[in-house]
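Residue strings, one per chain:
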Amino acid sequence: MTERDNTTIGVLALQGDFAEHVAALSRLGVTVREVRLPEHLEGLDGLIIPGGESTTIGKLAVRWGLVVPLQELLAANWPVWGTCAGLIFLARDVVGALPDQVFLEAMDIRVRRNAFGRQRESFEIDLDLPVIGQPPFHAVFIRAPLIEAVGPAAEVLARLPDGRIVAARQEHLLATAFHPELTDDLRMHDYFVSIAREARQRRQE
Ligand code: GLN
């Protein structure tokens with residue numbers, strides 16, 4: 001588990017289950033800040049964009065002037081992890097988006113919103129996630145998106161048993177279709193914190 005250090009991670013707190021991410025990061029001993037306004041981004045080592053409703057997160061991000069500052073940070077290779085709706089908000093190409101839906105267009109992935117249809121809108125499954133090792137990660141999917149394709153800049157981190165992609169990474173960007181903050185397993189949060197810590201160390205070199 002991560003030792004306490006001065007890594008500071010933000011959680012976008014506009015809508016959705018940001019409180020669960022804040023709790024998970026606090027358990028890891030990192031400093032956490034809820035982000036609602038551009039000035040809250042200052043000095044952060046990385047940001048988590050939670051699950052919720054991607055159309056609402058996009059609208060609120062526009063209303064509070066967060067889209068341009070976030071895109072500037074992303075252009076500077078800043079660590080960001082999107083879970084579920086947050087993954088949709090990060091993506092470059094979204095199938096099933098509303099006509100005026102806003103995205104950060106940072107990650108080289110094609111995402112399909114609400115990809116699991118009615119019967120399987122929500123389900124749980126133990127996933128193999130090689131970057132965090134064994135045992136498999138208990139993944140909770142709630143009206144989840146799927147990653148239909150990853151571009152050359154991104155790599156697949158996890159697939160469902162039928163091969164469909166549910167987690168990806170692109171340099172300091174992380175995307176998971178499921179909700180690690182809804183389980184007690186902190187390994188995905190720990191993985192993201194280590195990405196953010198490495199990025200900070202590299203900036204300081
Ligand atoms: N279906 C939601 C959307 O499109 C995402 C669901 C979630 O974040 N749990 O925004």
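Just so you know, these numbers come straight off a predicted model, no measurement behind them. (Residues numbered from 1 in each chain as written. Predicted model: local features only at pLDDT ≥ 70, side-chain atom pairs only at ≥ 80, totals over all residues. Heavy atoms only, no water.)

Considering the site of the ligand
- Around the ligand, the neighbouring residues are G51, G52, E53, S54, C84, A85, I88, R113, N114, I142, R143 and H179.
- Within the contact set of the ligand, an oxygen atom lies 2.8 Å away from a backbone nitrogen or oxygen of G52.
- I142 places a main-chain nitrogen or oxygen 2.9 Å from a nitrogen atom of the ligand.
- For the ligand, whose accessible area on its own is 300 Å², the fraction buried by protein is 97%.
- Looking at the shell around the ligand residue by residue, the classes come out as four nonpolar, five polar and three charged. (Near = heavy atom within 4 Å. Polar contact = N/O pair within 3.5 Å; in protein donor to acceptor, adjacent residues only side chain to side chain. Areas by Shrake-Rupley, 256 points an atom, 1.4 Å probe, with all protein chains shown as cover. Nonpolar A, V, L, I, M, F, W, Y, C, P; charged D, E, K, R; others polar.)

A closer look at helix 1 (residues 18–28)
- Taken together, the buried positions of helix 1 are F18, H21, V22, A24, L25 and L28. Seen along its axis, helix 1 keeps its buried residues to an arc of 165°; they face one direction.
- Those residues of helix 1 that are buried lie in contact with strand 1 (8–12), strand 2 (31–35), strand 3 (46–49), strand 4 (80–83) and helix 5 (187–204). (Buried < 20%, exposed > 50% of the residue type's maximum accessible area, 1.4 Å probe, protein only. Helix = DSSP H or I, 4+ residues; strand = E, 2+ residues; numbered from the N terminus. Arc of directions from axis to C-beta. Contact = heavy atoms within 4.5 Å.)

Details of the nonpolar core
- Counting residues in hydrophobic clusters, the biggest one holds 73 residues, and the most contacted among them are L12, L47, I109, F141, V166 and F178.
- Take this core: its biggest share by element is six residues, from helix 5.
- Ignoring any residue separated from it by four or fewer positions in sequence, one finds L12 in contact with F18, V35, L47, I48, I49, P50, I57, L66 and F89. (Core = buried A, V, L, I, M, F, W, Y, C linked by side-chain atoms within 4.5 Å.)

In short, geometric facts, not functional conclusions.
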